[in-house]
Amino acid sequence: MSGTFVGMPGFPAFPSAAREAVHDTTLRGNLRHATHTIRAKRAKAVAEVSDWAELREAGKRIKDHTLRHLDHYLVRLEESVTAAGGTVHWAADADEANRIVTGLVRETGESEVVKVKSMATQEIELNEALEAAGIHAYETDLAELIVQLGRDRPSHILVPAIHRNRGEIRDIFAREMGDWGRPAPEGLTDTPAGLAEAARLHLREKFLRAKVGVSGANFMVAETGTLVVVESEGNGRMCLTLPETLISVVGIEKIVPTWRDLEVFLQTLPRSSTAERMNPYTSTWTGTTDADGPRAFHLVLLDNGRTDTLADEVGRQALRCIRCSACLNVCPVYERAGGHAYGSVYPGPIGAILSPQLRGTASEIDASLPYASSLCGACYEVCPVAIDIPEVLVHLRERVVEGGEVTRGGNKVVLRPAKGHAAERAAMRAARWAFTRPGALRTGQRLASRTRRLHPRTLPGPGRAWSGTRDLPPVPAEPFRDWWQRTRGGNDVKGTAG
Amino acid sequence: MRVALFLTCVNDTLYPDTGRAVVKLLTRLGVEVDFPMAQTCCGQAHYNTGYRHEAEPLAEHFADVFRDYEAIVTPSGSCGAMVRELYPRMGERARAQGRGDALAATLAPVVPKTYELTEFLVDVLGVTDVGAYYPHTVTYHPTCHGLRSLGLGERPRRLLQAVRGLELVELPGAEECCGFGGTFALKNPDVSAAMGADKVRNAESTGAEVLCAADNSCLMHIGGTMTRLRTGMRPVHLAEILASTKEEPAV
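Residues numbered from 1 in each chain as written. Chains lettered and ligands numbered in written order. Predicted model: local features only at pLDDT ≥ 70, side-chain atom pairs only at ≥ 80, totals over all residues. Heavy atoms only, no water.

For chain B, an unreviewed UniProt entry supplies the name (Fe-S)-binding protein and the organism Streptomyces cathayae.

Chain A carries the name LutB/LldF family L-lactate oxidation iron-sulfur protein in an unreviewed UniProt entry, which gives Streptomyces cathayae as its organism.

Below, the structure is given as structure tokens:
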């Protein structure tokens, strides 16, 4: 198995990680409030657009087309970026990407970088790699700042600090800001304006000092070599324009062929993510220019399991994702389990299908993620690029329980089933055996009916998972098929009373 | 019209009253109902847990049993969605894996003529008032597969609204999953139970006596949570409400 790394190794399986969150009433309250608020707003923002279904289909098609010809568009992008004065670097995995970025920062002689929120750099744990090289990385997105100051981990794609409430944030600011730079003002309250001002003052100092900026990108336009970031705060724009050197680390799937294609996503992304008609800041940057902006621009194109994912005909649709997080906000499982339970920077339904593809299904957490869903389908319904998440979940479940052929590190390998499914597999086979023999099913039903007074109220073994929190229905005295046969479908009047 | 009742293995074994209700209801509406005794299980639990090749013989068995009927009616949105949405995918998958068209050809005939009960009543029979009487306050939970896979829409509510004596009250957060999800309930018991408890609390807040749904599996989870939380509410399958009359009221 290749060592593609998407953060947080050795994490426990989803069910046990989720258990803690389910019983944390503050966390559940925070998540419930936040997801329900954004869910309702999103539905309203989407309903305003008369051609939403067409936009969704267009987004899906653009992404599918680009993924099908990814090799072509990546070469085109490299040509465009180079022609615009930028430098393109190719990183096969997290280690290579971290090595490239660390080297680039070292070349500048700087020991500090400012960062605009980037899933890709979280995925490869760039901050930790820079720290190991003696370089401090400062997160400047407000929510990322909260997470970094709180020595915490992000728990949401769009709102990394969604699990924190205002009071908790005030305490983190008051306690930690001084260790990182400008301290929080005296008498800081938990009002949104007070917290935003504290962050603004703290971050301004960093923006004005920084010589190196690190970003991700929401999109890369192949025809012009342009990168695009959409954001709400403007902090990202400060990172993109003020430093002398800009390093952008971007997953290879973020590409779109032309500027025209952005038309679709710049409508669907903000409405799906923040429920806004348009996000407050859309920044685009193309190479370098003489009079303004960074003097040097480096684009690090990150694979880290994406090409392997692309090789899977069903699973590859996960690469359409534009990281809007609508699927998280509508997911009843995410709402209860919280983002940390997913053991990855990609939580929620999209994380449940992306992480086990990027990292493989060998670890306990990755083998459990495809089951972190009730298959209710709400995620598919809201996805602006129509990723059929339930379909991919079932596809990955099969990989977990039965193994099969996958591509890892560019090579076809045959996976063995994950551990711990032997009893379940035997039960499924036995059930299939019985269900293809109506007589066997009937015998089982009759046995259950005749022994019904002996059935325990709580079940042993795997059944305990049910009877610990829910009562079981009583087994009826007679299964339907016996009633049907006895009464000839209820036509025998005497029998209907039975 | 003669139809086959596809009752589902869960209803057959644990909820025979739902089957009797469907027979009573359809008979009252002039439909001749047959129950093919060879029917077993549609294979959904196998398919959705990842044992898709174990589900194939079950789907083939289903197709063999039901092939010759004019229509197949099931009181389960979930099992109905299995046949209508996932059987075609099973066929496509076999084809993509180089196993030819045999599976697709076997399954294809039953797919378009399988109806969830409310679809059959509203779309095929063209009725919304089925002559039922049920003097209770009821809240309706649209189960996920009925809601999103089959797109049942307003059909169940329209049927309920036409029931005499019944007061229908809206369920807050109705479209949220109850947390059953088949083997999900066993694999992620804490999250599943938390979802179930929230569903039950929402139902309780309506003041209804009865929570109605068109899937007994979801009702098993919701009902088991109701008794554990001692709410006093009852889970009742939609078919049992629609079958209820003044002369023969549902329990």
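From this point on, the discussion continues.
Asker: How should the overall build of chain B be read in this particular structure?
Answerer: Summing up its helical and strand segments, chain B has 13 helices and 8 strands in all. For a compact globule of 251 residues, the expected C-alpha radius of gyration is about 18 Å, and chain B comes in at 18 Å, within 12% of that figure. The principal-axis extents of the C-alpha atoms in chain B amount to approximately 55 × 45 × 30 Å. By residue count, 64% of the 251 residues in chain B fall in the buried class. Sequence-distant contacts in chain B: of pairs separated by 6 or more residues, those separated by 24 or more amount to 79%. (Helix = DSSP H or I, 4+ residues; strand = E, 2+ residues; numbered from the N terminus. Rg over C-alpha atoms; globule rule 2.2 N^0.38 Å. Buried < 20%, exposed > 50% of the residue type's maximum accessible area, 1.4 Å probe, protein only. Contact = heavy atoms within 4.5 Å.)

Asker: Please clarify how empty space enclosed by the protein should be interpreted in this entry.
Answerer: In this approach the atoms are scanned with a rolling probe the size of a water molecule, which exposes any empty space left behind. All names here are of chain A. For the structure on display, the rule yields 8 cavities of 30 Å³ or more. Its volume calculated, the largest cavity comes out at about 110 Å³. Lining the largest cavity are 18 residues, and of these C331, P332, P349, S373 and C379 sit closest to its centre. Taken together, the elements giving at least two residues each to the lining of the largest cavity come down to helix 14 (326-330), helix 15 (332-337), helix 16 (348-358) and helix 18 (378-382). The element that contributes the greatest number of residues to the lining of the largest cavity is helix 16, accounting for 3 residues. A per-class count over the lining of the largest cavity returns 14 nonpolar, 4 polar and no charged. Estimated volume of the second largest cavity: approximately 90 Å³. Lining the second largest cavity are 14 residues, with C321, C324, C327, C383 and P384 sitting closest to its centre. Considered class by class, the residues forming the lining of the second largest cavity number 12 nonpolar, 1 polar and 1 charged. (1 Å grid on protein atoms, 1.4 Å probe; cavity = no way out; pocket = protein on both sides within 12 Å on 5 of 7 lines; lining within 4 Å. Points joined across faces, edges and corners; volume = space filled by probe spheres on them. Nonpolar A, V, L, I, M, F, W, Y, C, P; charged D, E, K, R; others polar.)

Asker: Honestly, the sheet that holds strand 1 (residues 2-5) of chain B in this entry has me stumped. Any pointers?
Answerer: The strands that make up a sheet pair up through hydrogen bonds in the backbone, lying either parallel or antiparallel. All names here are of chain B. Taken together, 4 strands build an open sheet; the order of strands is 2-1-3-4 and the sheet is parallel. In the strand order of this sheet, the two ends are held by strand 2 (32-34) and strand 4 (114-116), each with one partner. Going from strand to strand, the sheet's axes swing by 35° on average, the running direction of each strand aside. The sheet contact formed by strand 1 and strand 3 (residues 71-74) spans 3 bridges and is parallel. Note that in strand 3 the partner of A4 across the bridge is I72. Against the sheet, helix 7 (residues 117-124) contacts strand 1, strand 3 and strand 4, and its axis sits at roughly 100° relative to strand 4. (Pairing = 2+ DSSP bridges. Axes fitted to C-alpha atoms, helices over the stretch in contact; angles between N-to-C directions.)

Asker: Just checking my understanding: could you explain the nonpolar core for this structure?
Answerer: One broad rule of soluble globular proteins: the nonpolar side chains tend to lie buried together. Among the nonpolar cores identified, the biggest contains 114 residues, and F14, L299, I350 and I353 of chain A together with F66, Y87 and M90 of chain B are the most heavily contacted of them. Each residue touching I353 of chain A, except ones within four places of it in the same chain, is listed here: A318, I387, I389, V392, L393 and L396 of chain A. (Core = buried A, V, L, I, M, F, W, Y, C linked by side-chain atoms within 4.5 Å.)

Asker: When you look at the sheet that holds strand 6 (residues 226-231) of chain A in this model, what are you seeing that I'm missing?
Answerer: Residue and element names in this part refer to chain A. On the basis of which strands lie adjacent, the open sheet formed by 4 strands has the order 8-5-6-9 and mixed pairing. Edge strands, defined here as strands with exactly one partner in the open sheet, are strand 8 (255-256) and strand 9 (281-286). Packed onto the sheet, helix 12 (residues 259-273) meets strand 5 (219-221), strand 6, strand 8 and strand 9 and runs at close to 165° relative to strand 5.

Asker: Help me out: how do you make sense of the UniProt feature "domain: Lactate utilization protein B C-terminal" (unreviewed entry) in chain A in this one?
Answerer: The positions that UniProt labels "domain: Lactate utilization protein B C-terminal" (unreviewed entry) are, in the present scheme, residues 396-486 of chain A. Annotated as residues 396-486 of chain A, this span is 49% helix and 11% strand, and its ends, taken at the C-alpha atoms, are 44 Å apart. (UniProt positions renumbered as here; feature names shortened; annotations may be inferred.)

Asker: Just to check I follow, could you spell out the UniProt feature "domain: Cysteine-rich" (unreviewed entry) in chain B for this structure?
Answerer: All names here are of chain B. Those residues carrying the UniProt feature "domain: Cysteine-rich" (unreviewed entry) are residues 3-83 and 138-222 in this numbering. The straight-line gap between the two end C-alpha atoms of residues 3-83 is 16 Å; of that span, 58% is helix and 12% is strand. The annotated region residues 138-222 carries 48% helix and 12% strand content, and the separation between its end C-alpha atoms amounts to 15 Å.

Asker: Just to check I follow, could you spell out the interface of chain A and chain B for this structure?
Answerer: A common way to state how big an interface is: give the accessible area lost once the parts meet. At the junction of the two partners, chain A supplies 67 residues and chain B supplies 61 residues. Across the interface of chain A and chain B, roughly 5600 Å² is buried in total on both sides, 57% from carbon and sulfur atoms. Applying the counting criterion to the chain A and chain B interface returns 15 salt bridges. Its salt-bridge partner being E381 of chain A, residue R148 of chain B comes within 3.3 Å of it at the nearest N-O pair. Across the chain A-chain B interface, the total number found is 37 residue pairs in polar contact (both at pLDDT 80 or more). Its residues assigned to classes, the side of chain A that touches chain B shows 30 nonpolar, 16 polar and 21 charged. (Buried area = accessible area lost by both parts, 1.4 Å probe. Salt bridge = Lys/Arg side-chain N within 4 Å of Asp/Glu carboxyl O. Polar contact = N/O pair within 3.5 Å; in protein donor to acceptor, adjacent residues only side chain to side chain.)

Asker: Please explain unusual backbone geometry as it appears in this structure.
Answerer: Residues apart from glycine generally show negative phi values, whereas peptide bonds are mostly found in trans. Backbone geometry places E125 of chain A, a non-glycine residue, at a positive phi of 55°. Looking at E125 of chain A, the relative accessible area reads 22%, which means it is partly exposed. Phi angles above zero are rare outside glycine, and T8 of chain B is one such case at about 80°. Along the polypeptide, T8 of chain B turns up in the loop between strand 1 and helix 1 (9-14). T8 of chain B sits in the buried class, given a relative accessible area of 5%.

Asker: What exactly am I supposed to notice about the packing of aromatic side chains here?
Answerer: The geometry of an aromatic ring pair is captured by the separation of the ring centres together with the interplanar angle, meaning the angle of the planes. Taken as a whole and assessed by the stated rule, the structure comprises 15 aromatic pairs over all chains. Considering the side-chain rings of W466 of chain A and F180 of chain B, the 6.1 Å spacing of their centres and the 80° angle between planes classify their relative orientation as edge-to-face. Of this pair, W466 of chain A sits in helix 22 (residues 464-467) while F180 of chain B sits in the loop between strand 6 (167-169) and helix 10 (184-187), placing the two residues on different chains. Comparing W466 of chain A with F180 of chain B, the two get one shared label, buried. On the basis of an interplanar angle of 80° and a centroid distance of 5.7 Å, the ring pair of F62 of chain B and Y87 of chain B is categorised as edge-to-face. Of the two residues, F62 of chain B sits in helix 4 (residues 52-66) while Y87 of chain B sits in helix 5 (residues 77-96), which places them 25 residues apart along the sequence. Owing to a relative accessible area of 1%, Y87 of chain B belongs among the buried residues under this scheme. These aromatic residues form a ring-pair network of at least three members: F6, F62, F66, Y69 and Y87 of chain B. Here the guanidinium or amino end of R470 of chain A rests over the ring plane of W466 of chain A, the centre of that ring lying 4.4 Å away. In this arrangement the basic side chain of R52 of chain B is found over the ring face of Y47 of chain B, its NZ or CZ atom lying 5.7 Å from the centre. (Phe/Tyr/Trp six-rings, centres within 6.5 Å; stacked < 30°, edge-to-face > 60°. Lys NZ or Arg CZ within 6 Å of the ring centre and 35° of its normal.)

Asker: I'm lost on the side chain of R399 of chain A in this one. Help?
Answerer: Examined against the element boundaries, R399 of chain A turns out to sit in helix 19 (residues 389-402). Judged by its relative accessible area of 12%, R399 of chain A falls in the buried class.

Asker: How do you make sense of the packing of helix 3 (residues 52-68) of chain A against helix 12 of chain A when you look at a structure like this?
Answerer: For any two helices packed against each other, the geometry is given by the interaxial angle and the distance between the axes. Residue and element names in this part refer to chain A. Where helix 3 meets helix 12, the axes come as close as 9 Å, and the angle between the chain directions of the two elements is 120°. Viewed along their axes, helix 3 and helix 12 adopt a mutual orientation that is oblique. Relative to helix 12, helix 3 is oriented so that their crossing is left-handed. Together, W52, L55, A58, G59, I62 and K63 of helix 3 and D261, V264, F265, Q267, T268, R271 and S272 of helix 12 make up the contact between the two elements. Per-class residue counts for the contact of helix 3 with helix 12 are 6 nonpolar, 4 polar and 3 charged. (Parallel < 35°, antiparallel > 145°, perpendicular 65-115°, else oblique. Left-handed = near helix turned anticlockwise from the far one by under 90°.)

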